[in-house]
Structure formats: structure tokens, C-alpha cells
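Survey of secondary and tertiary structure
Residue strings, one per chain:
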Amino acid sequence: MTAADDPVPAPRAPQPPGRARIVLAEVSRRDSRAERTRVELAQQTRVGEALVRGLVRAQLALALRMSLVVLIGLGGLPWLFAIAPAVGRVTVFGVNLPWLLLGLASFPFLIVVGWAYVRLAERNEQDFTDLVQRPER
């Protein structure tokens, strides 16, 4: 018998992948804490009230901080012009500096503060959502 007379081996059927063990008890335990927290929020229990109160306090603190930034940023300009009258007499492109700062520069400043507030408020809400949906460790 020669090498040419040897029969060609038939291709093997692909083997199925190994079995994976799925334990449903672990999955249900992982979701039970998040579900329990959602129920406490919906039923307004003491824990749910404490969580919501924490979110409201964080949002209020953020609003107060941003209000302070606006108060110092815009409210400080008249004080600057009263304390240093030479600054109030400066002209830029033929327009007095106080008019430029209060009339034109205040709008971009307020837009930036508003954008920062929305971004930080959404971060507070995302932290709250992550806290509510965090699985038990």
C-alpha cells in the first residue's frame, strides 16, 4: 500500500463549547438590595426619605455655591468700580469698562455658570442613582 492509497480522514464535527454553570440564587441576591432600595424610595420609608433628603441637600448646597459664585462675580464688579474709580473710567474700543463687563461679559459668565450647575447637578443625580442601584457587596 502506498501513501496515495491511504483514505483521506473525514473532517471531525465541531465540539460544542464547555458547559457554563449558572447559579440563579446569586443573580437574585445581587438584584434584591437594589430592588429593596427602590421599594423604600417608592413607599417613602425612613431609609427612602433619608436617601432623597441627601440628594435634595446635595442639590441645595450646589445651588448655593453657584449662587455665591454669581454673587461674587457680578456683585463684586460695582464694589470694584466704587473702590477703584480709575478702573471704572477705563475705556475699551470707546466704551467704558463697566458697561462692557456688566452689559456684555456678564452673559457668557452666566452661561458658563449655568452649564457648570447643570453638569454638577446631573453628577449628583447620577451618584444618587448609582447608590440606589449598587449591588450588595
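Scoring rules and cut-offs
- Within every chain, residues take consecutive numbers counted from 1 along the sequence as written.
- With pLDDT at 70 or above as the cut-off, local features in this predicted model cover only qualifying residues; side-chain atom pairs require 80 or more to be listed or tallied, and sums for whole chains, interfaces and linings still use all residues.
- No hydrogens and no water enter the side-chain calculation; it runs on all heavy atoms of the structure.
- Helix numbering and strand numbering both begin at the N terminus, where a helix is a DSSP run of H or I of at least 4 residues and a strand a DSSP run of E of at least 2.
- Residues are treated as being in contact if the distance between any of their heavy atoms lies within 4.5 Å.
- Using a 1.4 Å probe, the Shrake-Rupley method yields the accessible areas, and only the shown protein chains count as cover for residues.
- Here a patch means residues that are over 30% exposed by relative accessible area and free of salt bridges, tied together within 9 Å if like-charged and within 5 Å if nonpolar (Val, Leu, Ile, Met, Phe, Trp, Tyr).
- Any carboxyl oxygen of Asp or Glu within 4 Å of a side-chain nitrogen of Lys or Arg constitutes a salt bridge here.
- Three exposure classes are used, based on accessible area relative to the maximum for each residue type with a 1.4 Å probe and protein chains only: buried under 20%, partly exposed in between, and exposed over 50%.
- In the analysis that follows, any N or O atom pair within 3.5 Å is treated as a polar contact, provided that within protein one partner can donate a hydrogen and the other can accept it, and provided that, for residues neighboring in sequence, both atoms belong to side chains.
- To estimate the expected span of a helix, count its residues, drop one, and scale the result by 1.5 Å.
- A residue's bend is given by the angle between axes fitted to the 7 residues ending at it and the 7 residues starting at it.
- Throughout, an axis means a line fitted to C-alpha atoms (over the contacting stretch in the case of helices), and angles, computed between N-to-C directions, take values from 0 to 180 degrees.
- Orientation labels follow simple angle bins: below 35 degrees gives roughly parallel, above 145 gives roughly antiparallel, 65 to 115 gives roughly perpendicular, and whatever is left gives oblique.
- Put simply, a crossing is left-handed when the front helix is turned counterclockwise from the back one by less than a right angle, and right-handed when it is turned clockwise.
- All amino acids are sorted into three groups, where Ala, Val, Leu, Ile, Met, Phe, Trp, Tyr, Cys and Pro are nonpolar, Asp, Glu, Lys and Arg are charged, and the leftover types, Gly among them, are polar.

A few points about the overall build of the protein chain
For the protein chain, the helix and strand inventory stands at four helices and two strands. Ordered by position in the sequence, the α and β elements of the protein chain form the string α-α-α-β-β-α. Of the contacts formed within the protein chain by residues at least 6 apart in sequence, a portion of 71% connects residues at least 24 apart. Looking at the protein chain as shown, the accessible area adds up to about 11300 Å², and 63% of this sits on carbon and sulfur atoms.

What about a nonpolar patch on the surface?
A cluster of nonpolar side chains, namely L68, L71 and I72, defines an oily patch on the protein surface of about 320 Å² accessible area. For I72, the location among the structural elements is in helix α2 (residues 46-83). Its relative accessible area of 57% is what places I72 among the exposed residues.

Focus on the environment of G48
Relative to the elements of secondary structure, G48 occurs in helix α2. Judged by its relative accessible area of 2%, G48 is buried.

Concerning the side chain of S106
For S106, the location among the structural elements is in helix α4 (residues 97-133). Judged by relative accessible area, which is 6%, S106 ranks as buried. Here the side chain of S106 touches L102 through a polar contact of 2.8 Å, landing on its backbone oxygen. The contact partners of S106, leaving out residues within four places of it in the chain, are L74 and L101.

Quick notes on the side chain of Q59
Residue placement: Q59 occurs in helix α2. Judged by its relative accessible area of 15%, Q59 falls in the buried class. At 3.4 Å, the side chain of Q59 forms a polar contact with the backbone oxygen of A121.

Quick notes on α2
Look at α2: 52 Å from first C-alpha to last across 38 residues, which is about the 56 Å you get at 1.5 Å a residue. Along its length, α2 shows its largest kink, about 35 degrees, at G76, and proline P78 lies within four residues downstream of that point. Buried residues of α2: G48, L51, L55, Q59, L62, M66, L77 and F81, and no others.

What about the packing of α2 against α4?
Axis separation between α2 and α4 bottoms out at 10 Å; the angle between their running directions is 165 degrees. In terms of orientation, α2 lies roughly antiparallel with respect to α4. By crossing handedness, the relation of α2 to α4 is classed as right-handed. Here the residues of the contact of α2 with α4 are counted per class, giving 24 nonpolar, four polar and one charged.

Considerations on α4
In this model, α4 (37 residues) spans 52 Å end to end at C-alpha, consistent with the 54 Å of a helix rising 1.5 Å per residue. Among the residues of α4, those classed as buried are L97, P98, S106, V113, A121, F128 and V132.

Section: unusual backbone geometry
We note that F93 has phi near 55 degrees; this positive angle belongs to a residue other than glycine. Among the secondary structure elements, F93 is positioned in the loop between β1 (91-92) and β2 (95-96). Under the relative-accessibility criterion, F93 is labelled exposed at 84%.

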